[in-house]
Amino acid sequence: MLQSATPSGPPQIPQRTSSKRSRREVEKEYAFLKSELDEAKKKVRPSTSFDASYWISAAVACDALTECLHAETKLAVRNWVENGEGSAASWWATQEARRIIEQIKAATLEKSLYTKQAEKIKQGGPMRRSFQALFMTSQIGICAEKVGMGSRTRSEQSKFKDDLIQFYGAAMAKPNKPKVIVSIHDSASGHDLVKSSIVAAHLFPHKLGPDILIALFGEDVEGELMTARNGLLLQRDVESALDDGAIAIVPDLPDDPFSEQVASWEEKEPKDYRWRIIDDDADSLETIFLLKNQGAPKDMTIRDLDGQKLSFKNDNRPRARYLYFLFVVAQLKMAWRHEYRKDPAKKLKSQLGKGFWATKGQYLNPGWLAALADEIGHDTSFLDNKLLPGDDSDGDVGLIAIAKIIGSQKRGNEEDEEEEEL
């Protein structure tokens with residue numbers, strides 16, 4: 001029987017590379033493990049159904065991915081030191097290190113869940129429907145490099161930005177020339193900025209496709225993947241920090257609100273949101289995104305957004321559940337990044353034991369919501385009596401979907417700013 005990985009345990013990340021090994025040896029090890037990974041992926045193919053053998057192959061592929069990431073770490077540290085960019089210890093604070101740490105943890109979690117599913121099937125357990133629904137209808141695949149719909153075309157990207165501008169009433173046009181846009185309202189800062197600095201940001205990634213959207217959020221969001229309810233107009237550096245999980249968007253409530261405040265926010269339309277720093281150690285927080293000569297009282301860094309309300313010119317807002325989704329993913333990524341230092345509680349102390357967003361709204365499939373929240377240490381006791389009657393959804397599926405998102409390339413790659421001029 002396969003040994004199940006422990007999703008709550010820290011990934012065993014090598015802290016240093018041996019100086020006794022030549023660069024050639026490290027490169028050969030990486031190339032060998034990469035080929036092993038490719039071979040393992042080829043074996044992840046269902047025969048007639050998603051049987052135990054299928055899930056075992058998927059778990060083995062995740063093991064191969066983890067080994068490949070360890071080798072990539074060794075090579076990256078060696079390059080960092082040999083290029084004179086700093087010590088081996090300093091590499092762990094880089095963006096590349098953050099990505100590898102997240103991917104190792106995601107692969108570890110996936111292996112654990114695939115192993116558990118194989119064991120359920122061997123024992124004759126019935127918990128297969130949700131896995132089949134996710135991996136058959138969504139086309140997400142197992143350990144696949146490409147999932148969902150892939151990248152958007154430039155015309156789709158341009159139309160999405162046009163739709164956002166119209167939905168949020170964000171365009172500032174030239175007097176007497178309403179079709180000539182001179183600036184766009186930035187929801188991050190509340191300032192009107194030149195259109196080239198504003199990104200049409202998807203909240204739920206487009207590349208994962210509409211089936212994953214419905215699987216995670218329910219049938220009532222069908223058709224919303226490419227609509228303005230799934231997007232915001234943000235200054236490009238702010239969007240990058242949101243994508244990185246350094247910051248998130250939360251309800252405009254105190255950190256520890258009274259129940260009356262929560263109820264008032266949930267009933268209010270339109271709802272107000274504010275920025276919250278999630279990972280205080282993120283380098284992107286020091287990025288200057290707004291200059292004093294652009295109307296700000298001073299040069300503003302992304303760190304300065306903490307606590308600031310998002311700005312809108314009308315009453316339209318994105319779906320709350322998509323904003324909550326980004327919040328949970330950011331918390332999960334931060335917990336995983338700091339876990340290898342064996343001190344996640346210190347980083348998560350502002351969230352441990354608290355409710356979701358300080359509210360008790362149900363923004364995801366109930367079973368998956370509970371599984372995700374448990375993974376980051378949120379209090380889920382209130383959900384016990386809120387699960388839908390007869391709901392037999394498996395929270396593992398939601399965790400796999402999130403692991404897939406985190407384990408893939410940077411979500412912002414689909415927002416490469418190769419937009420057509422508006």
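As the structure is a computational prediction, the values presented were derived from the model and not from experiment. (Residues numbered from 1 in each chain as written. Predicted model: local features only at pLDDT ≥ 70, side-chain atom pairs only at ≥ 80, totals over all residues. Heavy atoms only, no water.)

**Q** Whenever I open this one, the overall build of the protein confuses me. Can you help?
**A** Counting its secondary structure elements, the protein contains 13 helices and 9 strands. By the burial criterion, 51% of the 422 residues in the protein qualify as buried. Sequence-distant contacts, at least 24 apart, represent 75% of the contacts inside the protein between residues at least 6 apart. Accessible area of the protein: about 19,600 Å², with a carbon and sulfur share of 49%. (Helix = DSSP H or I, 4+ residues; strand = E, 2+ residues; numbered from the N terminus. Buried < 20%, exposed > 50% of the residue type's maximum accessible area, 1.4 Å probe, protein only. Contact = heavy atoms within 4.5 Å. Areas by Shrake-Rupley, 256 points an atom, 1.4 Å probe, with all protein chains shown as cover.)

**Q** Explain the environment of S35 here, please?
**A** Position of S35 relative to the elements: it lies in helix α1 (residues 23-42). For S35, a relative accessible area of 33% translates into the label partly exposed. Note: C-alpha distance between S35 and A64 (29 residues apart in sequence) is 9.5 Å.

**Q** Please explain the environment of T301 as it appears in this structure.
**A** Within the secondary structure, T301 sits in strand β9 (residues 300-301). Looking at T301, the relative accessible area reads 15%, which means it is buried. Between the C-alpha atoms of T301 and D237, which are 64 residues apart in sequence, the distance is 9.6 Å. Look past the residues within four positions of T301 in its chain and what remains in contact with it is L285, E286, T287, I288 and F289.

**Q** Honestly, helix α7 (residues 209-217) in this entry has me stumped. Any pointers?
**A** Side chains of residues three or four places apart in an α-helix project in the same direction, reflecting 3.6 residues per turn. Of all the positions in α7, only G209, I212, L213, L216 and F217 are classed as buried. Considered in projection along α7, the buried side chains sweep an arc of 110° and stay on one side of the axis. Two residues or fewer after α7 comes G218, characterised by a positive phi angle close to 105°. (Arc of directions from axis to C-beta.)

**Q** Where do I start with the nonpolar core in this structure?
**A** Soluble globular proteins tend to pack their nonpolar side chains together in the buried interior. Judged by nonpolar contacts, the single largest core of 82 residues is most densely connected at F204, L232, I247, W275 and F325. With 10 residues, helix α2 (residues 52-82) is the largest single contributor of residues to this core. Excluding anything up to four places from it in sequence, L232 contacts L164, Y168, S187, V199, A200, A201, L203, I249, L310, F312, P318 and L323. The next biggest cluster of nonpolar side chains, apart from the first, holds 10 residues, and it includes V77, W80, W91 and I101. (Core = buried A, V, L, I, M, F, W, Y, C linked by side-chain atoms within 4.5 Å.)

**Q** So what exactly am I meant to see when it comes to the packing of aromatic side chains here?
**A** For any pair of aromatic rings, the description consists of the separation of the ring centres together with the inter-plane angle of the planes. On inspection of all chains with the given rule, the structure shows 8 aromatic pairs. Ring centres 5.6 Å apart and planes at 40° place the aromatic pair W55 and Y114 in the tilted group. One end of the pair, W55, is in helix α2; the other, Y114, is in helix α4 (residues 95-122), and 59 residues separate them in sequence. Since its relative accessible area comes to 0%, W55 is described here as buried. Centroid distance W91 to W92: 4.9 Å. Interplanar angle 80°. Geometry classified as edge-to-face. Here W91 and W92 have matching classes, each one buried. Clustering of aromatic rings is evident, with ring pairs tying together Y54, W55 and Y114. Lying over the aromatic face of W265, K271 brings its terminal NZ or CZ to 4.7 Å of the ring centre. (Phe/Tyr/Trp six-rings, centres within 6.5 Å; stacked < 30°, edge-to-face > 60°. Lys NZ or Arg CZ within 6 Å of the ring centre and 35° of its normal.)

**Q** Looking at this structure, I do not really get the side chain of S187. What am I missing?
**A** Note that S187 resides in the loop between β2 (177-185) and β3 (192-193). In this view, S187 contacts L232, L233, L234, W275, L310, S311 and F312; residues no more than four positions away in its chain are not counted.

**Q** Please clarify how empty space enclosed by the protein should be interpreted in this entry.
**A** One way to see where empty space is left: roll a probe the size of a water molecule over the atoms. Using the criterion set out here, one finds 2 cavities of 30 Å³ or more in the structure. There is about 30 Å³ of room inside the second largest cavity. As for the second largest cavity, its lining consists of Y168, A170, H185, S187, L233, S311, F312 and K313. Grouping the constituent residues of the lining of the second largest cavity by class yields 4 nonpolar, 3 polar and 1 charged. (1 Å grid on protein atoms, 1.4 Å probe; cavity = no way out; pocket = protein on both sides within 12 Å on 5 of 7 lines; lining within 4 Å. Points joined across faces, edges and corners; volume = space filled by probe spheres on them. Nonpolar A, V, L, I, M, F, W, Y, C, P; charged D, E, K, R; others polar.)

**Q** For this particular structure, what's the right way to read the pairing of strand β5 (residues 231-235)?
**A** A regular strand carries its side chains on alternate faces of the sheet. Here β5 lies mainly inside the structure; 5 of its 5 residues are buried. Side chains G231, L233 and Q235 of β5 all project onto a buried face; the interleaved residues L232 and L234 project onto the opposite face, where all are buried too. Taken together, the 5 bridges between strand β4 (residues 198-202) and β5 define a ladder with antiparallel strand orientation. Of the residues in β5, the one forming a bridge with I198 is Q235. (Pairing = 2+ DSSP bridges.)

**Q** In this structure, what is going on with the packing of α1 against α2? I would like to understand it.
**A** Geometry of a packed helix pair, given as the angle between the helix axes and the separation of the axes. Running from N to C, α1 and α2 cross one another at 155°; their axes reach a closest spacing of 9 Å. When the axis of α1 is compared with that of α2, the two are roughly antiparallel. The element α1 and its partner α2 pack so that their crossing is left-handed. On the side of α1, the interface is formed by R23, V26, E27, E29, Y30, L33, K34, E36, L37, A40 and K41, while α2 contributes A61, A64, L65, E67, C68, A71, E72, K74, L75, R78, N79 and E82. In terms of residue class, the contact of α1 with α2 is made up of 11 nonpolar, 1 polar and 11 charged. (Axes fitted to C-alpha atoms, helices over the stretch in contact; angles between N-to-C directions. Parallel < 35°, antiparallel > 145°, perpendicular 65-115°, else oblique. Left-handed = near helix turned anticlockwise from the far one by under 90°.)

**Q** I'm lost on the pattern of salt bridges in this one. Help?
**A** Oppositely charged side chains are able to pair whenever their charged atoms sit close together. If you walk through the whole model with that rule in mind, you get 18 salt bridges. Residue D63 pairs with K111 through a salt bridge whose shortest N-O separation is 3.2 Å. Here D63 is found in helix α2, whereas its partner K111 is found in helix α4, with 48 residues between them in sequence. Residue classification places D63 among the partly exposed residues on the basis of a relative accessible area of 34%. You can call K111 buried: its relative accessible area is 15%. Of the charged contacts in the structure, one is a salt bridge between R78 and E82, with a shortest N-O distance of 3.4 Å. With a gap of 4 residues between them, R78 and E82 both fall in helix α2, about one helical turn apart. Sharing partners across several salt bridges, the network here consists of D220, E224, R319 and R321. (Salt bridge = Lys/Arg side-chain N within 4 Å of Asp/Glu carboxyl O.)

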